[in-house]
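# Coordinate analysis (summary)
Now for the letters of each chain:
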Amino acid sequence: MTVIMCIFFFVVIGGLVMQSCSVNSDVRSTRNREKLEASAPFRNDCVVDEIGYVENVSKLSSGLQDFYDETGIQPYIVLKAYDSSLTSDAAKEQYAQQWYEEHIDNETTFLYMYFAEASEDAVGYMCYVNGTAVTSVMDEEAVSIFWNYLDRNWVNPNLTMTDVFLHTFDQTAKTIMDKSTTVEDLVWVVLLIVLAVVIILGVVILLRMKFKRDKEKAEETERILKTPLSGTSDDLKDKYL
């Protein structure tokens, strides 16, 4: 039985190590997030495309509701045409902040804004603006996950621009709202397994010791019962008379 437990232990540990390697090689979330209590219904006019990048604005707008349903956050996408007056990244970020204040009347929106370059072949500058109520969900890690998925999908030749945004928001929502297994989680699992194995082995050893003692006691009792008494009743009579 001890051998079986050891084999089981190493199989489980090996599986956890493989799982850890798999998790670490992909995008993952390390904290639990609670869906925002929606203070306003979903807005389906949440895509502004001044460039003509999105093939189907209606499909993208309605598809973004999945992100809203998962997180409670209103997604908003603005693709801004080239503006020669915006000469720096700081100016573009300030423009995005101002656009949020002028066009969005709540603090539960995540605004993604793309600034086109003069050359159509150049990838423009991207930034985001969080409503004050959004940061509990779209925190620094969640935003990093969003950019990671966007980078992957952006260079995927099999995706249309509509699909790029739909996939990005959908993948982000599913990842950030479902806590992934972390190294700390695996350490706790390993410690619990080790503890369980130690307890089981301890019980097995105690049972074996008890069984051995009981067997030895039974053998001793049997030996005593089978051993004839020394002397006879006549001998005892003579001794005392």
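For the structure given in this document, a descriptive report is provided here. (Residues numbered from 1 in each chain as written. Predicted model: local features only at pLDDT ≥ 70, side-chain atom pairs only at ≥ 80, totals over all residues. Heavy atoms only, no water.)

### Description of the pairing of strand β2 (residues 74–80)
In regular strands, side chains alternate between the two faces of the sheet. Burial analysis of β2 places 7 of its 7 residues in the buried class, the great majority of the element. By the alternation rule, side chains of β2 split into Q74, Y76, V78 and K80 and P75, I77 and L79, which are all buried. The pairing of strand β1 (residues 47–49) with β2 spans 3 bridges and is classified as parallel. Directly across from D49, in β2, lies its bridge partner L79. As paired strands, β2 and strand β3 (residues 109–115) are joined by 7 bridges and run parallel to one another. Considered in β3, the bridge of Y76 is made with L111. Running through helix α4 (residues 89–103), the crossover from β2 to the neighbouring parallel element β3 is right-handed. (Buried < 20%, exposed > 50% of the residue type's maximum accessible area, 1.4 Å probe, protein only. Helix = DSSP H or I, 4+ residues; strand = E, 2+ residues; numbered from the N terminus. Pairing = 2+ DSSP bridges. Right-handed = clockwise from strand over helix to strand, strands pointing away.)

### Quick notes on the environment of E102
Relative to the elements of secondary structure, E102 occurs in helix α4. Polar contacts involving the side chain of E102 include one to the side chain of Q98, which spans 2.9 Å. (Polar contact = N/O pair within 3.5 Å; in protein donor to acceptor, adjacent residues only side chain to side chain.)

### Some thoughts on the nonpolar core
Counting residues in each nonpolar core, the largest one holds 48 residues, and the members touching the most others are I77, Y112 and M138. The dominant element in this core, judged by the number of residues it contributes, is helix α6 (residues 161–176), at 7 residues. Among all residues touching Y112, those that are not within four sequence positions of it are Y76, I77, V78, L79, M126, C127, F146, W147, L150, W154 and F165. (Core = buried A, V, L, I, M, F, W, Y, C linked by side-chain atoms within 4.5 Å. Contact = heavy atoms within 4.5 Å.)

### Some details on the packing of helix α5 (residues 140–154) against α6
Packing of α5 against α6 brings their axes to within 9 Å, and their N-to-C directions diverge by 145°. Crossing of α5 against α6: the hand is right-handed. Across from A142, I145, F146, Y149, L150, N153 and W154 in α5, the residues of α6 making contact are M161, V164, F165, H167, T168, F169, Q171, T172, T175 and I176. When the residues that make up the contact of α5 with α6 are grouped by side-chain class, the tally is 11 nonpolar, 6 polar and no charged. (Axes fitted to C-alpha atoms, helices over the stretch in contact; angles between N-to-C directions. Left-handed = near helix turned anticlockwise from the far one by under 90°. Nonpolar A, V, L, I, M, F, W, Y, C, P; charged D, E, K, R; others polar.)

### Observations concerning the pairing of β3
Of all 7 residues making up β3, 7 are buried, and the element is well covered by its neighbours. Burial of the side chains of β3 extends over both faces: T109, L111, M113 and F115 are buried on one face and F110, Y112 and Y114 on the other. Of the pairings in the sheet, the one linking β3 to strand β4 (residues 125–130) comprises 6 bridges and is antiparallel in character. Considered in β4, the bridge of L111 is made with V129.

### What about the packing of aromatic side chains?
Remark: the centre distance and the inter-plane angle together describe each pair of aromatic rings, the angle taken between the planes. All told, the structure shown has 16 aromatic pairs when counted by the stated rule. Here the aromatic rings of Y114 and W154 are separated by 5.5 Å at their centres, their planes lie at 25°, and the arrangement is stacked. On the criterion of sequence distance, the pair formed by Y114 in strand β3 and W154 in helix α5 is long-range, its members being 40 residues apart. What makes W154 partly exposed here is its relative accessible area of 21%. With a centroid separation of 6.4 Å and 65° between ring planes, the pair formed by Y128 and W147 is classed as edge-to-face. With Y128 in strand β4 and W147 in helix α5, the pair connects residues that are 19 residues apart, well separated along the chain. On the basis of relative accessible area, Y128 is assigned to the partly exposed category, the value being 34%. W147 gets classed as partly exposed once you look at its relative accessible area, which sits at 22%. Taken together, the aromatic side chains of Y53, F67, F110, Y112, Y114, Y128, F146, W147, W154, F165 and F169 make up a single cluster linked through ring pairs. (Phe/Tyr/Trp six-rings, centres within 6.5 Å; stacked < 30°, edge-to-face > 60°.)

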